[in-house]
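The residues making up each chain are set out below.
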Amino acid sequence: MAYSELIYYLKANLQKPSINFRWSDEDNKKLFEHINEFFPDESIDKYENILEIKRAFKEYFESVGYILFKMTNKQIRLKVFPYTIEPKESVNLGSIVDILNENEDLIEYNYKGKEDQILIKEELVEKINEFAYAIENEEINKKELIKYAIREALKLKHSDIIISKKNKIFIKIFTYKKSVPETQKNTIANRYNGIDEEELITFQNDYFSLQENKDFFYFTAKRFVDIYFKEKKITNDNYELKVFSYIQSIIIEQLSEEFNQNNDFFIGFSGYIFRIYFKEVFEHIADLILEEISHLNGYMIDFLKYYSLDIIIVDGVKYKIPSLQSDSGQHWNSVSILSVSKAYVKTKLSIDVIKKDYYNLENQISTLYIGENTPLEHNAKTLRDIQTVEISINKLKHKYDIKTDSLSASKNDAKKELLRNEIHQITEELSSFEKEKTKLIRQKIKPDILNKFSSLDRDLNILDRQFTRESKVLEQSEKAYQSIKSALVKALVAKKEHIK
C-alpha cells in the first residue's frame with residue numbers, strides 16, 4: 001500500500017489537523033472507497049496495511065498532537081490528544097544532544113562550500129531517529145524534539161532553518177535581513193520582508209524546487225477555498241480587499257509546517273514564491289470554484305454573478321466590476337459558465353473513474369498472464385506444441401508398425417535382433433513423446449480461467465471505447481472551459497475600479 005498516496009488523500013480531503021478533529025462515518029466511508037479504488041488487490045485487514053494506514057494518520061496529526069488509533073472491520077476509531085511535554089522540558093533532550101556531540105564527524109559544516117549551510121549526514125540522522133522514535137516515557141512531538149536538540153547542540157539561533165529531507169537534515173543559517181525604516185515598511189524597499197532576493201533564490205534552488213513540491217500550491221488554493229469560500233463564505237468586497245494577504249498567510253503557514261518556524265524568513269519567502277507562482281495559485285482556485293459550481297453550490301454561483309454586474313454604486317460612488325472576459329475577448333456569464341462547467345467536470349470525473357477501472361482490470365488481467373502470454377495465446381501455443389508432438393508420435397507409430405511387420409516376416413536371427421533393438425528404441429521415443437504430450441495437455445489453461453480472461457478483456461475493451469468517447473466529449477468542451485478559467489483567473493486577481 002502506497003504510504004505517499006494515503007498522505008496525499010488525508011491532506012486533500014480532511015480538515016486542517018487540530019486537537020478538536022472528529023472522524024465521522026462519512027470520512028470513514030470515503031477513505032475506504034478511495035483505498036478500494038487505488039489498492040484493489042490489497043487486503044485492507046492485513047496487519048501490515050493497518051500499520052501503514054495508522055502511520056499516515058499519525059504523521060498527518062503529528063504537528064498538533066498524538067493519536068489513539070484503532071481499526072477493525074474497515075471501521076476507524078480516532079482521537080487526537082495534545083502533547084503533554086514541550087521539547088525544552090523533555091527528559092530525553094540531553095540524550096539526543098549527546099548523540100549529536102559524540103558524532104560530530106557526521107556533521108558537515110560549510111556544506112556545498114557555503115558558510116551558511118550545515119548537513120547532518122544520513123548515518124547520524126538514523127541514530128537520532130532510532131532513539132527519538134523509541135521514546136515511550138513522554139508524549140511529545142518527536143520531530144520538534146529532534147529540531148530543538150539540534151538547535152541546542154549546534155548553538156543555532158531561532159531564525160536558523162532546519163530542514164528534514166531524504167533521510168538527511170540540512171541547516172540554513174539565516175544571516176541577513178535589511179533594516180527598513182518604519183516609514184518604508186509598506187513600500188517596495190520592504191519587499192520580501194527586507195530579505196535579500198538572492199537569499200530567497202538560493203533557498204528555493206536548494207530546498208524548494210517545484211518538482212519536489214508540485215502539490216504545494218494546489219493545497220494552498222484548496223485550503224483557501226475550504227476556509228474562505230466553503231466555511232466563511234466571504235463577500236466579494238472582502239475577497240477583493242484581503243485575498244492576497246489571506247493566500248500569503250496560508251503559504252506562510254504551510255512553509256512553517258513543512259520546514260521550521262521562522263516568521264521573518266517565511267514572510268519574505270512566501271511573498272517571493274507567491275509572486276513567482278501567482279498565476280498557478282489562482283488557476284487552482286479557479287478550477288476549485290468551477291468544480292463547486294458544477295455541483296450547484298449556491299454560494300459560489302452567487303459569488304460568480306458579481307462579475308456580471310458591470311457597474312455598481314456604493315455610497316453614491318460608481319464602480320466598474322471586473323468582467324468575465326477571456327484573453328480572446330469572449331464574455332461569459334454565470335448561466336453559460338454553469339452549463340460548460342457541469343459538462344466538463346462531469347466528463348472529467350467520468351474519465352477519472354474509467355482510468356481507475358481500467359487500471360484495476362489491467363491488474364486483474366496481468367495475474368492471469370503466463371509469462372508474456374495471455375491465457376488464449378498460451379493455449380494456442382500449447383495446442384501447436386501438442387500438434388507437433390502428435391505428428392512425431394504418428395510418424396513413430398508408423399515406423400513401429402513397419403519394423404514389427406519386418407520382424408514377423410524375417411527368418412534371419414541377426415536381422416531379428418537388430419529389428420528388436422530398433423523397436424525398443426522406437427518404443428522409448430514413443431513413451432517420451434507421450435509423456436511430453438501429457439505434460440502439454442496439463443499446461444492448458446482451464447475453461448473457467450479462459451472465461452474469466454475473456455470477460456475481463458471484454459470489459460477492458462468496453463472501457464477503452466468509453467474512454468475514447470468521453471475523451472472526445474472532453475476535448476469538445478476543453479476550449480470553452482479553458483476560456484472560462486482564463487476569464488475567471490483575470491477577474492479573481494482584479495478589483496473594481498472607481499469611475500469618475
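Note: the structure precedes this text.
Thresholds, definitions, all that
Residues numbered from 1 in each chain as written. Predicted model: local features only at pLDDT ≥ 70, side-chain atom pairs only at ≥ 80, totals over all residues. Heavy atoms only, no water. Pairing = 2+ DSSP bridges. Helix = DSSP H or I, 4+ residues; strand = E, 2+ residues; numbered from the N terminus. Axes fitted to C-alpha atoms, helices over the stretch in contact; angles between N-to-C directions. Phe/Tyr/Trp six-rings, centres within 6.5 Å; stacked < 30°, edge-to-face > 60°. Buried < 20%, exposed > 50% of the residue type's maximum accessible area, 1.4 Å probe, protein only. Lys NZ or Arg CZ within 6 Å of the ring centre and 35° of its normal. Core = buried A, V, L, I, M, F, W, Y, C linked by side-chain atoms within 4.5 Å. Contact = heavy atoms within 4.5 Å. Arc of directions from axis to C-beta. Left-handed = near helix turned anticlockwise from the far one by under 90°. Nonpolar A, V, L, I, M, F, W, Y, C, P; charged D, E, K, R; others polar. Polar contact = N/O pair within 3.5 Å; in protein donor to acceptor, adjacent residues only side chain to side chain. Expected span 1.5 Å × (residues − 1).

Pairing between the strands of a sheet is mediated by backbone hydrogen bonds and can be parallel or antiparallel. Pairing is antiparallel across the open sheet formed by four strands, whose spatial order is E3-E4-E6-E5. Looking along the sheet, the strands with just one partner apiece sit at the ends: strand E3 (107-109) and strand E5 (161-165). Ignoring strand direction, the axes of neighbouring strands in this sheet form an average angle of 20°.

It is worth spelling out the packing of aromatic side chains at this point. Remark: the centre distance and the inter-plane angle together describe each pair of aromatic rings, the angle taken between the planes. Applying the stated criterion across every chain, the model contains 35 aromatic pairs. Seen from their ring centres, Phe-203 and Phe-269 are 4.9 Å apart, and the 80° between their planes marks the pair as edge-to-face. In this pair, Phe-203 sits in helix H7 (residues 197-207) while Phe-269 sits in helix H10 (residues 263-276), placing the two residues 66 residues apart along the sequence. Considered together, Phe-203 and Phe-269 belong to a single accessibility category, that of buried residues. Ring geometry for Tyr-228 against Tyr-246: centres 4.0 Å apart, planes inclined by 15°, an arrangement best described as stacked. Within this pair, whereas Tyr-228 is found in helix H8 (residues 216-231), its partner Tyr-246 is found in helix H9 (residues 236-258), the two being separated by 18 residues in sequence. You'll find Tyr-228 and Tyr-246 in the same group, each marked buried. Through a chain of ring-to-ring contacts, the aromatic side chains of Phe-224, Tyr-228, Phe-229, Tyr-239, Tyr-246, Tyr-299, Phe-303, Tyr-306 and Tyr-307 assemble into a single cluster. We note Lys-79 situated over the ring of Phe-81; from NZ or CZ to the ring centre the distance is 5.5 Å.

Our next topic: the nonpolar core. Inside soluble globular proteins, nonpolar side chains tend to come together where they are buried. Core analysis: the biggest nonpolar cluster contains 68 residues, and Phe-224, Phe-229 and Ile-285 have the highest contact counts within it. Residue contacts for Phe-229: discarding those within four places in its chain leaves Phe-224, Ile-234, Tyr-239, Ile-285, Ile-289, Tyr-299, Met-300 and Phe-303. Of all hydrophobic cores here, the second largest spans 26 residues; its members include Ile-96, Leu-100, Ile-118 and Ile-140.

Turning to the pairing of strand E6 (residues 168-172), a few remarks are in order. With four of five residues buried, E6 is to be regarded as a mostly interior element. The pairing of strand E4 (residues 117-120) with E6 spans four bridges and is classified as antiparallel. Counted as the bridge partner of Leu-119 is Phe-170 from E6. Here five bridges tie E5 to E6, and the two strands are oriented antiparallel to one another. In the sheet register, Ser-164 faces E6, and the bridge partner there is Ile-169.

Let us look at helix H4 (residues 93-102). For H4, the set of buried residues is Leu-93, Ile-96, Val-97, Ile-99 and Leu-100. Burial along H4 is one-sided: seen end-on, the buried residues are contained in an arc of 155°. Turning to H4, the residues buried within the fold contact E3, E4, helix H5 (122-132) and helix H6 (142-154).

At a closest axis distance of 12 Å, the pairing of H9 and helix H11 (residues 278-294) adopts a crossing angle of 115°. The element H9 and its partner H11 pack so that their crossing is right-handed. Contacts from Tyr-239, Val-243, Phe-244 and Ile-247 in H9 reach Phe-278, Val-281, Phe-282 and Ile-285 in H11. Looking at side-chain class alone, the contact of H9 with H11 contains eight nonpolar, no polar and no charged residues.

Our focus in this paragraph is the sheet that holds strand E8 (residues 317-320). Across the sheet, three strands lie side by side as E7-E8-E9; this open sheet has antiparallel pairing. At either end of the open sheet lies a strand with only one pairing partner, and these are strand E7 (311-314) and strand E9 (497-498). Here E8 runs beside E9; their pairing, made up of two bridges, is antiparallel. Paired with Tyr-319 across the strands is His-498, a residue of E9.

Among the structural elements, Ser-270 can be located in helix H10. By relative accessible area, Ser-270 is classed as buried at 0%. At a separation of 3.0 Å, a polar atom in the side chain of Ser-270 contacts the side chain of Gln-248. Ser-270 has contacts with Gln-248, Ile-251, Ile-252 and Leu-255, leaving out every residue within four places of it along the chain.

Let's shift gears to helix H14 (residues 375-409). The end-to-end C-alpha distance of H14, which contains 35 residues, comes to 50 Å, matching closely the 51 Å that a straight helix rising 1.5 Å per residue would cover. Burial in H14 covers these residues: Pro-375, His-378, Asn-379, Thr-382, Ile-386, Val-389, Ile-393, Leu-396, Lys-403 and Leu-407. Each element contacted by the buried residues of H14 is listed here: helix H15 (413-443) and helix H16 (447-492).

Further remarks concern the environment of Glu-283. Along the chain, the position of Glu-283 falls in helix H11. For the pair formed by Glu-283 and Ala-221, sequence separation is 62 residues and the distance between their alpha carbons is 8.7 Å. For Glu-283, the contacting residues outside a window of four places in its chain are Lys-485 and Val-489.

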